[in-house]
Amino acid sequence: MRVSVQLDDFDIGQELDLFRNGKSNTGAIVSFQGIVRNNSENSLLNMDIEQYPGMTQKAISKYVMTAVERWSLNDALVIHRHGKLFPGDQIMMVATAAMHRHDAFQSAEFLMDYLKSRAPFWKKEITKKGYHWVESVLDDEKALERW
Amino acid sequence: MIKVLYFAWVRERIGVPYEMLETQSGTVMELVEELKQKEERYKVAFSDLSALKVAVDQELCEFDTELNGALEVAFFPPMTGG
């Protein structure tokens, strides 16, 4: 398993090729790619993602280990960017490898739900009118209840 | 000495990303009260604790958590990753 919190962009195709390599007992890989979405007024200039150096990597690793154990995954990968990002940029990716697709899908969803509201990242949106910190959504918190 | 860190709008309201403090506070809550006594900017940042989360030594915890020799306490709004 690998967790990377980084400023740099990544090549999701290359990452998935590497991730698939040498996994002869894997029958299913599920991947998710998160993108910077513009707001409804199309006024987003850029986004600034703040992290908690040290804790962020550790917190993500903890949830990845939980997922690997719970769904008997063969492997899992999380890449999450921080810093300045623009609409259309990739923010993050998750990939899970399992024998069967059900475990791969479920664990990827679990990881996404946990990363949304438990990994120490904070998004600031800079628009033409100024800036604001993105507020957490109750639905994101509720999403954790199903796990 | 304990390192106190602030993130996102908490950092902006307090004006520094972190500071080193000498404290006798036994719990996170006592530390918050101590900070609020110091200056107005802390009072503003800590005015609504239900809007804040706290981590002690990089683990999420509650405001009644004991500091117990902790090296690091961090205050921040709910996370918005993904």
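Now for a look at the structure at hand. (Residues numbered from 1 in each chain as written. Chains lettered and ligands numbered in written order. Predicted model: local features only at pLDDT ≥ 70, side-chain atom pairs only at ≥ 80, totals over all residues. Heavy atoms only, no water.)

### Let's talk about a nonpolar patch on the surface
There is a patch of nonpolar side chains on the surface, built from Met1, Tyr18 and Met20 of chain B and spanning about 350 Å² of accessible area. Along the chain, the position of Met1 of chain B falls in the segment before strand E1 (2–6). (Patch = residues over 30% accessible without salt bridge, like charges linked within 9 Å, V, L, I, M, F, W, Y side chains within 5 Å. Areas by Shrake-Rupley, 256 points an atom, 1.4 Å probe, with all protein chains shown as cover. Salt bridge = Lys/Arg side-chain N within 4 Å of Asp/Glu carboxyl O. Helix = DSSP H or I, 4+ residues; strand = E, 2+ residues; numbered from the N terminus.)

### A word on the sheet that holds strand E1 (residues 2–6) of chain A
Residues and elements named next belong to chain A. One open sheet holds the 4 strands; their spatial order is E1-E4-E6-E2, and the pairing between them is mixed. Whereas interior strands pair on both sides, the edge strands pair on one side only; in this sheet they are E1 and strand E2 (28–35). Averaged over all neighbouring strand pairs, the angle between strand axes comes to 5°, with direction disregarded. The pairing of strand E4 (residues 75–81) with strand E6 (residues 90–98) spans 6 bridges and is antiparallel. What sits directly across from Ala76, in E6, is Thr96. Contacts from helix H2 (residues 55–70) reach E1 and E4, with the element oriented near 155° to E1. (Pairing = 2+ DSSP bridges. Axes fitted to C-alpha atoms, helices over the stretch in contact; angles between N-to-C directions. Contact = heavy atoms within 4.5 Å.)

### With respect to the interface of chain B and chain A
If you look at the interface, chain B gives 21 residues, while chain A gives 27 residues. Regarding the contact of chain B and chain A, the summed buried area is about 1900 Å², with carbon and sulfur atoms giving 55% of it. Taken together, chain B and chain A are joined by 3 salt bridges. The partner of Lys62 of chain A in a salt bridge is Glu59 of chain B, and the shortest N-O contact between them spans 3.9 Å. Here chain B and chain A share 14 residue pairs in polar contact (both at pLDDT 80 or more) between them. Of all the secondary structure elements, the ones that give two or more residues to the side of chain B that touches chain A are E1, helix H1 (8–14), strand E4 (59–61) and strand E5 (72–76) of chain B. Residue classes in the side of chain B that touches chain A are distributed as 12 nonpolar, 4 polar and 5 charged. (Buried area = accessible area lost by both parts, 1.4 Å probe. Polar contact = N/O pair within 3.5 Å; in protein donor to acceptor, adjacent residues only side chain to side chain. Nonpolar A, V, L, I, M, F, W, Y, C, P; charged D, E, K, R; others polar.)

In short, geometric facts, not functional conclusions.
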